[in-house]
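Below are the chains, spelled out letter by letter.
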Amino acid sequence: MRTVCVHASVTYHILIEKGSLSQSGPYAAQVFRPGSKAAIVTDDTVASLYLETVKRSFEAAGFTVPVFIFPHGEDSKSREVLFQLYDFLIEQEVTRSDFLVALGGGVVGDLAGFAAATYLRGIPFMQIPTTFLAAVDSSVGGKTAINIPAGKNLIGAFHQPSLVVCDTETFRTLPPETFADGVAETIKYGLIASKSLFEEMEQGHIEEKIDDIVTQCVSIKRDIVEQDEQDKGLRMILNYGHTLGHAIEKVTNHSVTHGHGVAMGMLLIARLGEKMGFHSPELTQRMERCIASYGLPTHYDGSVAELGESVLHDKKRSGSIIRLIVVKNIGEAEICPLDVDKFIEQLSEVQ
Ligand code: NAD
Ligand code: MG
């Protein structure tokens, strides 16, 4: 087993191990109150694959296990499902001595995490990520949120999990394009913080070393989150490629998934960075080759001008300045403030 310890407002461990789903109950028993309720929150797809194993493991470890299952998909990260979950927790008499278990991808983690942050003014929770993206990104760092019609993740809270158990065997059942979403975030970690990780991603065959790759990613995220838990500065570099990635997700009505949007977003920023003289064309080419080798998109087919419009409304923009994350050398990210108008103008010239 690999263990990464996070010292944020809560100190917690991330356990990465093949087959750990069946051990999730005993691992939880080392952290949570014995005999308490472990309310599992999951979606229908994950439930059909992994719920029984996890439920059995928690019951054998002495927990009472109410289960809340909702339909899979981003649409469920909503006010409606959130309030159904609150009602369920009340009905099941879940108290502050109990905890939630988010079993699934980022949608489950964000929804269950936000419910845990707000129900009874906050109860503990645990993450069991089952997508590559959730394992390397959303299950760690304490950002939780739901979507509202005005936009994604607009209602949220910082609430750290008390434990993360990652069973990388679960990635085997992921549709290839969902696995690729996690690949995009992993390439991002390499680009912003680790040349050797990027090189490993270039070499391919990552399934064989997936535990090590997840460990590297969460260690990078841990190092950043420990310095800037509340996203006031440095943590922004984790958003490399995300401003445009989010814009692509938004204008395509989320038919483009997060990782695919991030892949295109990173390449658009690299082309823009190249044009502005921040780095050599070789860097862009290397990124393009690596991203393409995993079947991820390298070009955005729609209107880049429309993306610019969307960025204007981005919640992360402060005044007339956009803080662009730029990679000048592989493994090193910088925050470059840029006038929004200049950004839009430069962007319209890249594709
Ligand atoms: P997801 O949770 O919707 O999972 C994708 C699909 O895969 C779903 O249909 C799900 O049912 C299915 N699935 C999950 N595990 C499976 C498995 N092992 N085998 C087969 N199918 C499986 O999406 P995601 O890509 O995991 O996460 C995206 C969400 O995460 C977005 O809402 C995004 O905003 C959020 N996110 C949050 C953070 C954060 O820091 N909180 C970071 C990144 C992304
Ligand atoms: Mg992301």
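Residues numbered from 1 in each chain as written. Chains lettered and ligands numbered in written order. Predicted model: local features only at pLDDT ≥ 70, side-chain atom pairs only at ≥ 80, totals over all residues. Heavy atoms only, no water.

**Q** So what about the coordination of the magnesium ion (ligand 2)? Which residues, and what values?
**A** Coordination angles at a metal have ideal targets, namely 109.5 degrees for four tetrahedral donors and 90 or 180 degrees for six octahedral donors. At the metal site, the magnesium ion (ligand 2) is ligated by E185 (OE), H242 (NE2) and H258 (NE2), and these contacts range over 2.0 to 2.2 Å. Read in sequence order, the donor residues coordinating the magnesium ion (ligand 2) give the pattern E-x56-H-x15-H. Of this pair, E185 sits in helix α6 (residues 176-193) while H258 sits in helix α10 (residues 258-275), and the two are 73 residues apart along the sequence. Each member of the pair, E185 together with H258, is buried. (Donors = N, O, S within 2.8 Å, 3.2 Å for Na, K, Ca; no water. Helix = DSSP H or I, 4+ residues; strand = E, 2+ residues; numbered from the N terminus. Buried < 20%, exposed > 50% of the residue type's maximum accessible area, 1.4 Å probe, protein only.)

**Q** Can you explain the domain arrangement of the chain? Please cite residues and give values.
**A** A common way to express how large an interface is: the accessible area buried when the components associate. Parsing the chain into structural domains produces domain 1 (2-173) and domain 2 (176-347). Centre-to-centre, using C-alpha coordinates, domain 1 lies 26 Å away from domain 2. In this assembly, 29 residues from domain 1 lie in contact with 31 residues from domain 2. Contact with domain 2 buries area across many residues of domain 1, yet F132, V136 and F158 alone supply 25% of it, more than any other trio. Taken together, the connections running from domain 1 to domain 2 amount to five salt bridges. With a shortest N-O distance of 3.0 Å, K18 and D211 are connected by a salt bridge. Listing elements by their share of the side of domain 1 that touches domain 2, those giving two or more residues are β1 (2-7), β2 (11-16), α5 (132-138) and β8 (151-158). Tallying contributions element by element places α5 first for the side of domain 1 that touches domain 2, with six residues. (Domains from an automatic or database assignment. Contact = heavy atoms within 4.5 Å. Buried area = accessible area lost by both parts, 1.4 Å probe. Salt bridge = Lys/Arg side-chain N within 4 Å of Asp/Glu carboxyl O.)

**Q** Lay out unusual backbone geometry with the relevant residues and their values.
**A** For R121, which is not a glycine, the phi torsion comes out positive at approximately 65 degrees. Judged by its relative accessible area of 77%, R121 is exposed.

**Q** Tell me about the nonpolar core, and name the residues and values.
**A** Grouped together as the largest cluster of nonpolar side chains are 72 residues, with contacts concentrated most on F132, I187, V214, Y240 and F343. Ranked by residues supplied to this core, first place goes to α10 with nine residues. Both domains that meet at this core, namely domain 1 (2-173) and domain 2 (176-347), each give it at least three residues. Once residues within four sequence positions are removed from consideration, Y240 is found in contact with K188, L191, I192, V262, M266, I269, A270, M287, I325 and V327. One finds V81, L85, A112 and F125 within the second-largest nonpolar core, a separate group that totals 24 residues. (Core = buried A, V, L, I, M, F, W, Y, C linked by side-chain atoms within 4.5 Å.)

**Q** Provide a residue-level description of helix α12 (residues 304-312), including the pertinent values.
**A** Residues of α12 that are buried: V304, L307, G308, S310 and V311. Down the axis of α12, the sector holding all buried residues measures 160 degrees, keeping them to one side. Along its buried surface, α12 packs onto α9 (242-251), α10, β10 (321-329) and α13 (340-347). Residue S303 occupies the N-cap position of α12, its side-chain oxygen lying 3.3 Å from the main-chain nitrogen of A305. (Arc of directions from axis to C-beta. Polar contact = N/O pair within 3.5 Å; in protein donor to acceptor, adjacent residues only side chain to side chain.)

**Q** Explain the pattern of salt bridges to me, using residue names and the numbers behind them.
**A** What the rule picks out here adds up to 19 salt bridges. The salt bridge involving D212 is made with R2; its shortest N-O contact spans 3.3 Å. Linking D212 in helix α8 (residues 210-227) with R2 in strand β1, this pair joins segments that are 210 residues apart in sequence. Here E199 ties to K195 by a salt bridge, and the two come within 3.5 Å at their closest N and O atoms. A residue pair is termed a helical-turn pair when its members lie 3 or 4 positions apart in one helix, as E199 and K195 do in helix α7 (residues 195-203) at four residues.

**Q** I'd like a description of the site of ligand 1, backed by residues and values.
**A** If you check the shell around ligand 1, you find 25 residues, and the closest are D43, E74, G106, T131 and T173. In this structure, an oxygen atom belonging to ligand 1 sits 2.7 Å away from a side-chain N or O atom of D43. Protein contacts shield 89% of the accessible area of ligand 1, which totals 860 Å² for the unbound molecule. Counting residues per element, the ones that place at least two in the shell around ligand 1 are α2 (44-60), α4 (106-118), α5 and β8. When the residues that make up the shell around ligand 1 are grouped by side-chain class, the tally is six nonpolar, 11 polar and eight charged. (Near = heavy atom within 4 Å. Areas by Shrake-Rupley, 256 points an atom, 1.4 Å probe, with all protein chains shown as cover. Nonpolar A, V, L, I, M, F, W, Y, C, P; charged D, E, K, R; others polar.)

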